Amino acid sequence: MSLNLTVQQVFCWSIQLTVQQDYQALTYKFLDILDEITWIDNSAIYEIYHHERKKTGETKTVPELLIKRFPLDFTRNYEEEDHNSLFAELDHSTDLHLSPPDESGLHAWAIFSIRGSCGPERAIHLEGAFNRKMIELLNNLREMYRNLVILHDTKERDVLTKLPNRQSLDARLLQVCEHYSDYQIIDKSEEKSSWIAILDIDHFKRVNDDFGHLYGDEVLLIFSQLMEKCFRYNDFLFRFGGEEFVVILNLASQETAIAAFNRFRDVVANYTFPNVGRITVSVGLTHVDGRSMPTTQLDHADKALYYAKDNGRNRVVLYEDISIFTDDNDLSEIELF
Ligand SMILES: Nc1nc2c(ncn2[C@@H]2O[C@H](COP(=O)(O)OP(=O)(O)OP(=O)(O)O)[C@@H](O)[C@H]2O)c(=O)[nH]1
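Reading the values: rules and limits
- Residues numbered from 1 in each chain as written.
- Predicted model: local features only at pLDDT ≥ 70, side-chain atom pairs only at ≥ 80, totals over all residues.
- Heavy atoms only, no water.
- UniProt positions renumbered as here; feature names shortened; annotations may be inferred.
- Near = heavy atom within 4 Å.
- Polar contact = N/O pair within 3.5 Å; in protein donor to acceptor, adjacent residues only side chain to side chain.
- Areas by Shrake-Rupley, 256 points an atom, 1.4 Å probe, with all protein chains shown as cover.
- Helix = DSSP H or I, 4+ residues; strand = E, 2+ residues; numbered from the N terminus.
- Nonpolar A, V, L, I, M, F, W, Y, C, P; charged D, E, K, R; others polar.
- Salt bridge = Lys/Arg side-chain N within 4 Å of Asp/Glu carboxyl O.
- Buried < 20%, exposed > 50% of the residue type's maximum accessible area, 1.4 Å probe, protein only.
- Lys, Arg positive; Asp, Glu negative; His and termini not counted.
- Contact = heavy atoms within 4.5 Å.
- Pairing = 2+ DSSP bridges.
- Axes fitted to C-alpha atoms, helices over the stretch in contact; angles between N-to-C directions.
- Phe/Tyr/Trp six-rings, centres within 6.5 Å; stacked < 30°, edge-to-face > 60°.
- Lys NZ or Arg CZ within 6 Å of the ring centre and 35° of its normal.

Per an unreviewed UniProt entry, the chain is named diguanylate cyclase, and its organism is Candidatus Methylobacter oryzae. You can read under Catalytic activity (unreviewed entry) in the UniProt record for the chain the words "2 GTP = 3',3'-c-di-GMP + 2 diphosphate".

Q: What is the right way to look at the site of the ligand in this model?
A: Taken together, 16 residues lie near the ligand, and His 203, Phe 204, Asp 217, Arg 239 and Arg 313 sit nearest. Between the ligand and Phe 204 there is a distance of 2.7 Å, counted from an oxygen atom to a backbone nitrogen or oxygen. For the ligand, a nitrogen atom lies 2.8 Å from a polar atom in the side chain of Asn 208. Summarising the interface, the protein chains cover 71% of the accessible area of the ligand, which totals 670 Å² for the free molecule. Looking at the shell around the ligand, the element that brings in the most residues is helix H7 (residues 213-230), giving four residues. Of the residues contributing to the shell around the ligand, the split by class is three nonpolar, five polar and eight charged.

Q: Help me understand the pattern of salt bridges in this model?
A: When the charged atoms of two side chains with opposite charge come close together, those side chains can pair. Within this structure, the stated rule accounts for 14 salt bridges. Across the pair Arg 239 and Asp 158 runs a salt bridge whose closest N-O atoms are separated by 3.2 Å. In this pair, Arg 239 sits in strand E7 (residues 236-241) while Asp 158 sits in the loop between helix H4 (132-156) and helix H5 (166-182), placing the two residues 81 residues apart along the sequence. Side by side, Arg 239 and Asp 158 carry an identical accessibility label, which is buried. Notably, a salt bridge pairs Arg 265 with Asp 266, separated by 3.7 Å at the nearest N-O pair. Assessed through its relative accessible area of 38%, Asp 266 is described here as partly exposed. Look at the salt bridges and you will find they share partners, linking Asp 95, Arg 115 and Glu 121 into a network.

Q: Before we go on, may I ask you to explain the side chain of Asp 235 in this structure?
A: Note on placement: Asp 235 falls in the loop between H7 and E7. Buried within the structure, Asp 235 lacks any salt-bridge partner; its nearest side chain of opposite charge belongs to Arg 232, at an N-O separation of 4.1 Å. Apart from residues no more than four positions distant in its own chain, Asp 235 is found in contact with Lys 68, Ile 248, Leu 249 and Asn 250.

Q: In this structure, what is going on with the sheet that holds strand E10 (residues 316-318)? I would like to understand it.
A: Through backbone hydrogen bonds, the strands of a sheet pair up, either in parallel or in antiparallel fashion. Pairing in this open sheet of five strands is mixed, and the strands run E7-E8-E6-E9-E10 from one edge to the other. Either end of the sheet is taken by a strand with one partner, and the two such strands are E7 and E10. Across the sheet, the mean angle from the axis of one strand to that of its neighbour is 20°, orientation sign disregarded. Across seven bridges, the pairing between strand E6 (residues 193-201) and strand E9 (residues 281-287) is antiparallel. Each residue of the ladder has a partner; that of Ile 201, found in E9, is Val 281. Contacts from H5 reach E6, E7 and strand E8 (244-252), with the element oriented near 135° to E7.

Q: How should the side chain of Arg 142 be read in this particular structure?
A: The residue Arg 142 is located in helix H4 in this model. Its relative accessible area of 5% is what places Arg 142 among the buried residues. In this view, Arg 142 contacts Asp 95, Phe 112, Ser 113, Ile 114 and Ile 124; residues no more than four positions away in its chain are not counted.

Q: Help me understand the packing of aromatic side chains in this model?
A: Considering all chains together, one arrives at eleven aromatic pairs under this definition. Measuring from ring centre to ring centre gives 5.9 Å for Tyr 23 and Phe 70, while their planes differ by 75°; the resulting arrangement is edge-to-face. Here Tyr 23, found in helix H2 (residues 23-36), pairs with Phe 70, found in the loop between strand E2 (61-69) and helix H3 (84-87); they are 47 residues apart in sequence, far enough to count as distant. Per residue, the accessibility class of Tyr 23 equals that of Phe 70, and both read buried. Consider the rings of Tyr 28 and Phe 70, whose centres lie 5.1 Å apart with planes at 65°: the pair is edge-to-face. Within this pair, whereas Tyr 28 is found in helix H2, its partner Phe 70 is found in the loop between E2 and H3, the two being separated by 42 residues in sequence. For Phe 70, a relative accessible area of 6% puts it in the buried group. The rings of Phe 223, Phe 231, Phe 245, Phe 261 and Phe 264 are connected pair by pair, giving a single aromatic cluster. Sitting above the plane of the Tyr 233 ring, Lys 68 keeps its charged end 5.8 Å from the centroid. A cation sits over an aromatic face here: Arg 172 above Phe 236, 4.0 Å from the ring centre.

Structure (structure tokens):
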């Protein structure tokens, strides 16, 4: 099979990739381009997270791979999906893996790694029948995509924690709200839906004042790692700014959502941070729906957070609970001290 590509086509792809506004759009476009190439039968892109996790009944933490296929569909339950078999045996010191060649020298699959950005490692998995020239071309395409991923990660992720930043939250929340504008939740306490929460470390100023900014930064970094361990595969985590983080929790009833945030609150309260010792976190959350603006929902989560701060901190408050008893205007007047 010939490559069958013109210089003009390759230029056209390069332009299509460079005009994309964010990582999501870039990756959708890259998959479209791979789809256009007739000698590729299947293509998929994965994000690979290297975790240290303590398994039930074990005392030591073990390295674990968490693999998410792009695009992450938050309305599906991925717990049973297992991509580990594809990646577990790979040698992580090289960026190109090929299946053994058949008798005519063709490879049935190739995996190209994307490393070096402040985000997670990515992998492009392709199936077809690839000769040496095709692999060379795909490698060049990978390089082009990789450089753009690095640029987008720098713009869309927080430098310290590597979590998606405020800008990424706005785009993601809009996407989740749009989903619920087509799919109305009738009973939010029973049905599985999405919840948005703002998590704010209590008295964080004291950490900086007593131990210095470097230890303050370390607390923020460990806090973000605890979030990654505690929340599920299809939840979205962000650093909102300063000592504030946001979680969009998906596929959860009201009771499950509150329990999940209380579990995280407990994990934080029981963790001994190096030098600093114990800290606590307050959480304000609200239901995500398709009828109000994303900014209104963030505002509701913020009001619930203020309520938590005003009522002793180290607690989880649901906006819908307090708005029943309190006039919205009163909530905007809650003082932090
Ligand atoms: N080390 C560090 N500190 C930060 C960062 N961003 C914000 N801060 C600090 O976070 C602190 C936030 O303090 P406040 O907003 O007064 O809140 P707080 O002390 O956490 O009190 P409550 O939220 O009311 O419990 C300030 O001292 C900021 O300087 C950061 O990236 N690194």
